[in-house]
Each structure stands twice: as structure tokens, then as C-alpha cells.
Amino acid sequence: MVGYQTTDAADCAERIRASNRVVALTGAGVSTAAGLPDFRGPNGLYVTRRYDPETVFDIDAFRRNPVPFYDFTRDFLGSVHTLQPTLTHRFLADLEGRGKLTAVVTQNIDSLHQKAGSRNVVAIHGDYWTSHCLYCHAEFNLEYLARAVVEEEVPHCPCSGLIKPDVVFFGEPVCSFDRASAVVAESDYLLVLGSSLNVYPAALLPDLAGGDVLVVNQGEVGLPPLPHRSLVDADLDEFFGEVSGLYKPTCS
Ligand SMILES: [Zn+2]
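Quick look at the structure, then. Quick caveat, the model's predicted, so the values are computed rather than measured.

Looking only at helices and strands, the protein chain features 11 helices and 9 strands. Relative to a compact globule of 252 residues, whose C-alpha radius of gyration would be 18 Å, the protein chain shows 19 Å and is just as compact. Over its C-alpha atoms, taken along the principal directions, the protein chain stretches across nearly 55 × 40 × 30 Å. Residue pairs in contact within the protein chain that sit at least 24 positions apart in sequence constitute 67% of those at least 6 positions apart.

The backbone of S111 shows a phi angle near 65 degrees, a positive value even though the residue is not glycine. Relative to the elements of secondary structure, S111 occurs in the loop between β2 (101-106) and α8 (112-116). One non-glycine residue, L197, lies in the positive phi region at around 55 degrees. With respect to the helices and strands, L197 occurs in the loop between β7 (189-193) and β8 (212-216).

For the rest of this paragraph, the subject is the sheet that holds strand β3 (residues 121-123). Taken in spatial order, the 6 strands make up an open sheet running β3-β2-β1-β7-β8-β9, and their pairing is parallel. The open sheet has two edge strands with one neighbour each: β3 and β9 (229-232). Mean inter-strand twist for the sheet, computed between neighbouring axes without regard to direction, equals 15 degrees. Pairing of strand β1 (residues 22-26) with β2, which is carried by 5 bridges, proceeds in the parallel orientation. Each residue of the ladder has a partner; that of V23, found in β2, is A103. On top of the sheet, helix α10 (residues 177-185) reaches β1, β2, β3 and β7; it is set at about 140 degrees to β2, its chief contact.

So, about helix α7 (residues 87-97). Turning to α7, its buried residues are T88, H89, F91, L92, A93, L95 and E96. Looking at the residues trailing α7, positive phi occurs at G99, about 80 degrees.

Criteria and cut-off values
- Residues numbered from 1 in each chain as written.
- Predicted model: local features only at pLDDT ≥ 70, side-chain atom pairs only at ≥ 80, totals over all residues.
- Heavy atoms only, no water.
- Helix = DSSP H or I, 4+ residues; strand = E, 2+ residues; numbered from the N terminus.
- Rg over C-alpha atoms; globule rule 2.2 N^0.38 Å.
- Contact = heavy atoms within 4.5 Å.
- Pairing = 2+ DSSP bridges.
- Axes fitted to C-alpha atoms, helices over the stretch in contact; angles between N-to-C directions.
- Buried < 20%, exposed > 50% of the residue type's maximum accessible area, 1.4 Å probe, protein only.

Written out as C-alpha cells, the structure is:
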């Protein structure tokens with residue numbers, strides 16, 4: 001029977017040491033560890049404030065009436081503002097700084113990877129890090145947007161065009177998927193973190209991996225076992241706390 005490869009923190013540390021093109025694919029579990037409730041979970045914004053994601057993130061609904069989206073955004077950015085990146089976010093940023101990790105591909109829209117210092121972040125569902133005017137295409141950063149949503153019901157550009165954060169809405173193409181596919185294909189060690197891999201298109205990415213794949217998640221994962229795949233059912237920060245203690249960079 002084909003099963004997952006066995007692994008542990010020491011093996012992970014050793015593989016990272018031997019790799020030059022580590023890529024991380026991260027999902028909601030990385031952010032819930034930072035204290036951000038899963039949108040759809042019992043304490044998530046969709047439930048506690050009764051936001052309907054089908055309406056909030058629908059591009060046609062947004063163009064007709066952006067108020068529900070901006071009500072959500074005001075709440076969401078208010079929660080994200082108080083969060084700090086976790087040990088796992090910081091560990092990935094540190095690996096990039098050492099030239100070990102080439103990219104973080106994330107399903108999350110909260111920009112916590114950028115906040116931790118990651119530079120090459122491919123946000124496949126987009127995120128709030130940048131926004132654009134739908135009319136003149138002027139760009140605005142997260143700091144500007146966070147201020148604007150507090151000051152106005154709906155933020156507008158100085159040209160009076162509607163501002164839309166670069167979050168991918170239903171009905172919009174997932175533009176960065178080609179970039180995500182390319183970095184995953186070039187990886188020599190893919191870390192799939194805090195994702196059940198049940199959401200497309202992210203679920204397609206591990207099949208493109210150029211090398212071994214390690215999945216760390218609490219709970220079920222929708223990835224068939226193969227000899228070059230290993231799976232750890234663990235708390236991310238506990239696991240990477242152990243890995244970072246064991247990981248000794250090579251002298252160069
Ligand atoms: Zn404009």
C-alpha cells in the first residue's frame with residue numbers, strides 16, 4: 001500500500017538545510033493561530049456579524065453597492081490590525097532572508113506574511129496589501145485603506161472613482177495562479193501549512209511540486225498519499241518551534 005513518508009521535526013530541519021528553493025503554501029490555519037477566527041467557523045465574521053460571503057465578495061454586487069463589502073472590511077481590518085504574525089509566519093520570513101525560501105503562496109487575505117517580513121508573497125485569493133481605483137487605477141497601500149474605511153463609509157479615489165482592495169472576488173479571475181504554479185514547480189521542498197487543501201485552485205498546487213511535499217495541518221487533508229509526500233497532524237507553531245531549534249544553517 002502506498003502511504004505517506006514518515007517524518008518529524010528533525011527530518012524537516014534537515015531537508016530545509018539541504019534545500020535552496022523551499023516554497024510554503026499556507027491556508028487559514030496559519031492565521032487562526034495568530035488569533036484570526038476562521039471566517040466560516042463558529043466565531044468567524046460570517047457568523048457573528050451575519051455577513052454573507054456570496055454577497056460581500058461578489059464583484060457585480062460590489063459595483064452596484066459596495067457598502068456591505070466595506071462593512072465587512074472595516075470589521076476585518078479592525079481585527080487584523082491587532083494581530084501579530086505567529087512563530088510560523090516569522091520562521092518563513094527568516095528562511096527567505098537566509099536565501100532558503102523563494103516564495104510564500106497563500107490563500108489568506110490578511111497580509112500577515114508581509115507583516116512578518118516576507119517579501120515574495122503570492123496571494124492567490126489576493127489580499128488587502130494593495131488596493132486600486134476602479135476608474136484611474138491609482139494604487140493605495142493597506143495603511144491608506146485602513147484609515148479610509150474608518151473615515152468614510154466607502155473609500156473613493158481623489159478622482160472620485162471607487163477604490164477596490166486587490167482581494168479576488170467571486171466572478172474575478174485568480175490572476176496570480178500562474179505565478180503560484182511556477183514557483184511551486186520550481187520548489188525543491190514544498191511546505192503545505194494550515195490548509196485542508198479542499199479549496200480550488202490551491203488544491204491543485206501540490207501536484208505541481210518539483211520536490212518533496214510536507215503537509216502540516218490539524219485535521220483531515222485532501223491530498224492523496226504518495227511516497228514523496230509526508231504528513232504531520234500537529235500545531236504549526238509547536239512543530240516549527242521545534243524545527244527552528246534544530247535547524248542549523250550551513251556556513252557559506
Ligand atoms: Zn482614481
